[in-house]
Amino acid sequence: TQLLEQSPQFLSIQEGENLTVYCNSSSVFSSLQWYRQEPGEGPVLLVTVVTGGEVKKLKRLTFQFGDARKDSSLHITAAQPGDTGLYLCAGFAAGNTGKLIFGQGTTLQVKP
Amino acid sequence: DAGVTQSPTHLIKTRGQHVTLRCSPISGHKSVSWYQQVLGQGPQFIFQYYEKEERGRGNFPDRFSARQFPNYSSELNVNALLLGDSALYLCASSLRAPRDRVYNEQFFGPGTRLTVL
């Protein structure tokens, strides 16, 4: 069974601080996605990483895919209150790109 | 263009009742997937349909069923509701058929919040 473990599950920081969220698995994924979800809304895709060792940047967010394609990280620089939300990593189940396997999520609270 | 739409937005039911949730995919998308998200957790896969055929089923009891219509919209049905069925039910649509090693981005709707009392 493919599983994704996220850590930490909850993070409360002050505006301006940096943070890193981790997503780990014992299974290889062909790609991993990072989503952000706000209360009352569905997840919104932030980025997809496909190649082992790949690094993608989205403004103050940096995403990295592990060399072995079993893990990923999300780093936020100088967090802002607008970054508050639930961050989810996800990957497609082997053999079925209709089934996304999600981590349990990291709830981020950025205080002004 | 409209994104994925779901109805109703919120729903309150009592134990033992049944519920039908509806989803309209993005225009041109033929694949619909359903997920259950319990508060504070990541979504869990329930079903996926492509061209009206079931293509995947998650680890959910037979009380959960779904179907897809010729216009690619979909319904999720849950019978004999339990308190533990209280969750946000998400629908996602994608353009392509589910295939191994072919990236197939999923677009999520806002969800239906189901509360079972």
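What counts as what
Residues numbered from 1 in each chain as written. Chains lettered and ligands numbered in written order. Predicted model: local features only at pLDDT ≥ 70, side-chain atom pairs only at ≥ 80, totals over all residues. Heavy atoms only, no water. Buried < 20%, exposed > 50% of the residue type's maximum accessible area, 1.4 Å probe, protein only. Helix = DSSP H or I, 4+ residues; strand = E, 2+ residues; numbered from the N terminus. Pairing = 2+ DSSP bridges. Contact = heavy atoms within 4.5 Å. Buried area = accessible area lost by both parts, 1.4 Å probe. Salt bridge = Lys/Arg side-chain N within 4 Å of Asp/Glu carboxyl O. Polar contact = N/O pair within 3.5 Å; in protein donor to acceptor, adjacent residues only side chain to side chain. Nonpolar A, V, L, I, M, F, W, Y, C, P; charged D, E, K, R; others polar. Disulfide = S-S within 2.5 Å. Axes fitted to C-alpha atoms, helices over the stretch in contact; angles between N-to-C directions.

K.L.:
Just give me the short version of the pairing of strand β5 (residues 44–50) of chain B, but keep the residues and values in it.
P.N.:
Residues and elements named next belong to chain B. The element β5 is largely enclosed, with a buried count of 6 among its 7 residues. Where strand β4 (residues 31–37) meets β5, 6 bridges bridge the pair, whose relative direction is antiparallel. Along β5, the bridge assignment pairs W34 with F47. Linking β4 to β5, which pair antiparallel, is a turn of 6 residues; within it G40 sits at a positive phi near 85 degrees. In this sheet, strand β6 (residues 53–57) lies alongside β5 in antiparallel orientation, the contact comprising 4 bridges. Each bridged residue has a counterpart across the sheet, and for Y50 the counterpart in β6 is E53. Hairpin connection of β5 to β6: 2 residues between the antiparallel strands, including E51 at a positive phi of 50 degrees.

K.L.:
Explain the interface of chain A and chain B residue by residue, including any values.
P.N.:
Taken together, the 23 residues of chain A in the interface contact 26 residues of chain B. For the pair chain A and chain B, the summed buried surface comes to about 1700 Å²; carbon and sulfur atoms form 55% of the total. At the junction of chain A and chain B, the tally comes to 0 salt bridges. At the surface where chain A touches chain B, the tally comes to 3 residue pairs in polar contact (both at pLDDT 80 or more). Broken down by secondary-structure element, the contributors of at least two residues to the side of chain A that touches chain B are β4 (32–37), β5 (44–49), β9 (85–93) and β10 (96–102) of chain A. Across the side of chain A that touches chain B, the residue classes break down as 9 nonpolar, 12 polar and 2 charged.

K.L.:
Describe the state of the cysteines, naming the residues involved and giving the relevant values.
P.N.:
Residues and elements named next belong to chain B. On inspection of all chains with the given rule, the structure shows 2 disulfides over all chains. Note on cysteine connectivity: C23 is disulfide-linked to C91, with sulfurs 1.8 Å apart. Judged by the sign of its S-S torsion, about -60 degrees, the bond between C23 and C91 is left-handed. One end of the pair, C23, is in strand β3 (residues 19–24); the other, C91, is in strand β9 (residues 87–94), and 68 residues separate them in sequence. When sorted by exposure, C23 lands in the same class as C91, which is buried.

K.L.:
Tell me about unusual backbone geometry, and please be specific about residues and values.
P.N.:
Between A:S7 and the following residue, A:P8, the backbone shows a cis peptide bond with an omega angle of -10 degrees. Examined against the element boundaries, A:P8 turns out to sit in the loop between β1 (5–7) and β2 (10–14). Of note, the bond from B:S7 into B:P8 is cis; its omega dihedral lies within 30 degrees of zero at -10 degrees. By secondary structure assignment, the location of B:P8 is in the loop between β1 (5–7) and β2 (10–13). Its identity as a non-glycine residue notwithstanding, A:R69 has a phi of 60 degrees, on the positive side. Mapped onto the elements of the fold, A:R69 is located in the loop between β7 (61–65) and β8 (71–76). The class of A:R69 is partly exposed, set by a relative accessible area of 28%. Its identity is not glycine, yet A:A78 carries a phi of approximately 50 degrees, on the positive side. Relative to the elements of secondary structure, A:A78 occurs in the loop between β8 and β9.

K.L.:
So what about the side chain of B:N77? Which residues, and what values?
P.N.:
Residue and element names in this part refer to chain B. Position of N77 relative to the elements: it lies in strand β8 (residues 74–78). Residue class for N77 comes out buried when judged on its relative accessible area of 17%. For N77, the side chain forms a polar contact with the side chain of T20, separated by 2.6 Å. Among all residues touching N77, those that are not within four sequence positions of it are V19, T20, R63, F64 and S65.

K.L.:
Report on the sheet that holds β8(B), specifying residues and quantitative values.
P.N.:
All names here are of chain B. Pairing is antiparallel across the open sheet formed by 4 strands, whose spatial order is β1-β3-β8-β7. Looking at which strands have only one partner, the edges of the open sheet turn out to be β1 and β7 (64–68). Ignoring strand direction, the axes of neighbouring strands in this sheet form an average angle of 15 degrees. Note: β1 against β3, 3 bridges, orientation antiparallel. Residue pairing across strands places S7 opposite R22, the latter belonging to β3.

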